[in-house]
Amino acid sequence: YVHIKTKAKHTTNLTEQKYYIVRQNQKFDLLCNIINCYENFYGLIFCHTKVEVSDLAIKLQKNGFKAEAFHGDFTQAQRETTLSKFRKRQVSILVATDVA
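Below is a short write-up of the structure. Bear in mind that the values here come from a model prediction, so they are computed numbers and not experimental data.

**Things to note about the sheet that holds strand S2 (residues 67–70)**
Here comes step 1: Ordered in space as S1-S3-S2, the 3 strands form an open sheet in which the pairing is parallel. Whereas interior strands pair on both sides, the edge strands pair on one side only; in this sheet they are strand S1 (43–47) and S2. Here the average twist between neighbouring strands, direction ignored, is 25°.
Here comes step 2: Sheet analysis places S1 next to strand S3 (residues 93–97), joined by 5 bridges and oriented parallel.

**As for the layout of surface pockets**
Here comes step 1: Considered as a void within the structure, the largest pocket measures approximately 1700 Å³ in volume.
Here comes step 2: Lys18, Leu31, Leu44, Ile45 and Phe46 are the residues nearest the centre of the largest pocket, which is lined by 32 residues in total.
Here comes step 3: Among the elements that line the lining of the largest pocket, the one with the most residues is helix H1 (residues 27–37), at 7 residues.
Here comes step 4: Here the residues of the lining of the largest pocket are counted per class, giving 19 nonpolar, 6 polar and 7 charged.
Here comes step 5: Per-class residue counts for the lining of the second largest pocket are 7 nonpolar, 5 polar and 3 charged.

**Regarding the pattern of salt bridges**
Here comes step 1: Tallying each qualifying case throughout the model produces 2 salt bridges.
Here comes step 2: A salt bridge links Lys85 to Glu68, with the nearest nitrogen and oxygen atoms 3.2 Å apart. With Lys85 in helix H3 (residues 76–87) and Glu68 in strand S2, this residue pair connects regions lying 17 residues apart in the sequence.
Here comes step 3: Lys85 gets classed as partly exposed once you look at its relative accessible area, which sits at 27%.

**Some thoughts on the packing of aromatic side chains**
Here comes step 1: Applying the stated criterion across every chain, the model contains 3 aromatic pairs.
Here comes step 2: Where Tyr42 meets Phe86, the ring centres are 4.5 Å apart and the plane angle is 10°; that geometry is what we call stacked. Highlighted residues: Tyr42 in the loop between H1 and S1 and Phe86 in helix H3, separated in sequence by 44 residues.
Here comes step 3: Residue classification places Tyr42 among the partly exposed residues on the basis of a relative accessible area of 30%.
Here comes step 4: The lysine or arginine in question, Lys59, covers the ring of Phe28, its NZ or CZ lying 4.5 Å from the ring centre.
Here comes step 5: Looking at Arg89, its charged tip hangs above the ring of Tyr42, at a distance of 3.6 Å from the centre.

**Quick notes on the nonpolar core**
Here comes step 1: The biggest cluster of nonpolar side chains holds 21 residues, and the ones touching the most others in it are Ile35, Ile45, Leu56, Leu60, Ile93 and Val95.
Here comes step 2: Counting only elements with at least two residues in this core, the list comes to H1, S1, helix H2 (50–62), S2 and S3.
Here comes step 3: In this structure Ile45 touches Leu31, Ile35, Leu56, Leu60, Ile93, Leu94, Val95 and Ala96, once residues within four positions along its chain are discounted.

Thresholds applied
- Residues numbered from 1 in each chain as written.
- Predicted model: local features only at pLDDT ≥ 70, side-chain atom pairs only at ≥ 80, totals over all residues.
- Heavy atoms only, no water.
- Pairing = 2+ DSSP bridges.
- Helix = DSSP H or I, 4+ residues; strand = E, 2+ residues; numbered from the N terminus.
- Axes fitted to C-alpha atoms, helices over the stretch in contact; angles between N-to-C directions.
- 1 Å grid on protein atoms, 1.4 Å probe; cavity = no way out; pocket = protein on both sides within 12 Å on 5 of 7 lines; lining within 4 Å.
- Points joined across faces, edges and corners; volume = space filled by probe spheres on them.
- Nonpolar A, V, L, I, M, F, W, Y, C, P; charged D, E, K, R; others polar.
- Salt bridge = Lys/Arg side-chain N within 4 Å of Asp/Glu carboxyl O.
- Buried < 20%, exposed > 50% of the residue type's maximum accessible area, 1.4 Å probe, protein only.
- Phe/Tyr/Trp six-rings, centres within 6.5 Å; stacked < 30°, edge-to-face > 60°.
- Lys NZ or Arg CZ within 6 Å of the ring centre and 35° of its normal.
- Core = buried A, V, L, I, M, F, W, Y, C linked by side-chain atoms within 4.5 Å.
- Contact = heavy atoms within 4.5 Å.

Nothing here speaks to function; it is geometry throughout.
This is the structure in structure tokens:
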């Protein structure tokens, strides 16, 4: 075998994390405001349960966002289709369970 060692020329941090403390009834409006702050928002939103994932994805879609749900009840074909749409940026928001 041959051992090859390289050095990274540049490192890029592509992940931005923020934490907000809000009342339950304010969460969706704040989320929409955060998404709207970015011209080309592209990201993941994690929820605790499959029901929360589905509900949030539907609510986002009804508010004009390109969002899709992603959780354990999906078949493998559904998972691959959803991830493919996300990779191609046909969907800009992927709402997933925190276990996904």
